[in-house]
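Geometric and topological summary
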Amino acid sequence: VSDGPITAACSMPDSQFAVTNMNTLVVDVWKLVWNQQCSKASLVKVKSYKVKTSMVRLVYCSLLVGVTFQGKLCDVANVIKDEWGNTNTSWNQSVSILSVVRNDNKSVWLTGEKNDEVHIGFFFGMGSNAPIDSSFSSITMNSGDNEQENKKRSLITAITVDQEFVVCGDEEGNIWFNQHPDISSWSEKKPAHLDRISELRLTDRNIISASYDRTLKLWDRNTKKQVGMFVCGGPVLFLEVNPRKPSELVCADGQGKLYSLCWKD
């Protein structure tokens, strides 16, 4: 589907998915088409959209939204027209976006880091004719790092969110989370891995963490105790949970290997 390194991809309705690569300023939409016997499938390109800058994330929430490296949100289908309302620059060149978390069919959470602060954003899409410049809102949370000012603070490398529950990870392998009932307060940092936290995910029962130390770990969401672990061949770089069955996931490591994992609660 691409003649260069893929930088972003996302699923879309009707067996479609969007892909963009590093070499061309284009976002392509492909469709998976099966024969009548459902024994063979082929990919058919449906549309191509020109964009002004490379997209590092793509997400579909009633319209196809791209996120640039600088943190700008773009309506992929209309961004080249340069019309008012087709982009949102609230986090542009200020917040490093760390994750995009699906909320429902029309909205997503975005998380980011800036100057050791946690930024939580919420974007909702109301179709291709609605301007996206006013469809995004965000808050800033102190990261909970209470170390002395003269001591080097570890960089936040992963954040995820589920409603009001936020989990963070850093370059030293620690994880921590906000607490109830005061959701602006934070737990102490918990040594979870031996190296940088690369990905965090939340399910109804578990916190899932992945790291450059080659491990993927499961933590009970209520007790915060470790309940499972898997060791990959290299640093874990990518992780995604099956939205239809949260006890299944795929992850990829630095050796180019893809792992399909499942477990019993």
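The shown structure was predicted, so the numbers you read here are calculated from the model rather than taken from an experiment. (Residues numbered from 1 in each chain as written. Predicted model: local features only at pLDDT ≥ 70, side-chain atom pairs only at ≥ 80, totals over all residues. Heavy atoms only, no water.)

Description of the sheet that holds strand 4 (residues 41–50)
Pairing in this open sheet of four strands is antiparallel, and the strands run 1-2-3-4 from one edge to the other. Since the sheet does not close on itself, it has two edges, and those belong to strand 1 (6–12) and strand 4, each with one partner. Neighbour-to-neighbour, the strand axes of this sheet turn through a mean angle of 25°, independent of strand direction. (Pairing = 2+ DSSP bridges. Helix = DSSP H or I, 4+ residues; strand = E, 2+ residues; numbered from the N terminus. Axes fitted to C-alpha atoms, helices over the stretch in contact; angles between N-to-C directions.)

Some details on the packing of aromatic side chains
We describe a pair of aromatic rings using the distance from one ring centre to the other and the angle between the two ring planes. In this structure the tally under the stated criterion is four aromatic pairs. Centre to centre, the rings of Phe165 and Phe177 are 6.2 Å apart; their planes meet at 55°, and the pair counts as tilted. Here the residue Phe165 occupies a position in strand 14 (residues 165–170), and Phe177 occupies one in strand 15 (residues 174–177), the gap between them amounting to 12 residues. Above the face of the Trp176 ring, Lys189 is positioned so that its terminal group lies 4.4 Å from the ring centre. Sitting above the plane of the Phe177 ring, Lys224 keeps its charged end 4.7 Å from the centroid. (Phe/Tyr/Trp six-rings, centres within 6.5 Å; stacked < 30°, edge-to-face > 60°. Lys NZ or Arg CZ within 6 Å of the ring centre and 35° of its normal.)

Notes on a nonpolar patch on the surface
Where nonpolar side chains cluster on the molecular surface, the patch consists of Val1, Ile6, Leu32, Trp34 and Leu43 and spans about 460 Å² of accessible area. Mapping Leu43 onto the fold places it in strand 4. (Patch = residues over 30% accessible without salt bridge, like charges linked within 9 Å, V, L, I, M, F, W, Y side chains within 5 Å. Areas by Shrake-Rupley, 256 points an atom, 1.4 Å probe, with all protein chains shown as cover. Salt bridge = Lys/Arg side-chain N within 4 Å of Asp/Glu carboxyl O.)

A short note on the sheet that holds strand 7 (residues 73–75)
In space, the four strands of this open sheet follow the order 5-6-7-8, with antiparallel pairing throughout. The sheet is open, and its two borders are formed by strand 5 (55–60) and strand 8 (87–88), each paired with just one other strand. Direction of pairing for strand 6 (residues 64–68) relative to strand 7: antiparallel, over a ladder of three bridges. Within strand 7, the position partnered with Gly66 by the bridge is Cys74.

As for the pattern of salt bridges
It is possible for side chains of opposite charge to pair when their charged atoms get near one another. Tallied over the entire structure, the rule returns seven salt bridges. The closest approach of N and O atoms between Glu199 and Arg201, which form a salt bridge, is 2.9 Å. The class of Glu199 is buried, set by a relative accessible area of 13%. (Buried < 20%, exposed > 50% of the residue type's maximum accessible area, 1.4 Å probe, protein only.)

What about unusual backbone geometry?
In the segment running from His180 into Pro181, the intervening peptide bond is cis, with an omega of 5°. In this structure, Asp14 takes a positive phi of about 60° despite not being glycine. Of note, Asp14 is situated in the loop between strand 1 and strand 2 (16–21). Judged by relative accessible area, which is 53%, Asp14 ranks as exposed. Residues other than glycine seldom take positive phi values, yet Asp116 does so here, at roughly 65°. Within the secondary structure, Asp116 is located in the loop between strand 10 (107–114) and strand 11 (117–124).

Quick word on the environment of Ala8
Turning to its location among the elements, Ala8 is positioned in strand 1. When the C-alpha positions of Ala8 and His193 are compared, they lie 27 Å apart, and in sequence the two are 185 residues distant. If sequence neighbours within four positions are ignored, Ala8 has contacts with Ala18, Val19, Thr20, Met55, Val56, Arg57 and Leu58. (Contact = heavy atoms within 4.5 Å.)

A few points about the side chain of Asp253
Inspection of the secondary structure assignment puts Asp253 in strand 22 (residues 248–253). Notably, Asp253 is buried but unbridged: the nearest opposite-charge side chain belongs to Lys257, and the N-O separation is 5.6 Å. Polar contacts involving the side chain of Asp253 include one to the side chain of Tyr259, which spans 2.7 Å. Discounting chain neighbours no more than four positions away, the residues touching Asp253 are Cys232, Gly233, Gly234, Pro235, Val236, Leu237 and Tyr259. (Lys, Arg positive; Asp, Glu negative; His and termini not counted. Polar contact = N/O pair within 3.5 Å; in protein donor to acceptor, adjacent residues only side chain to side chain.)

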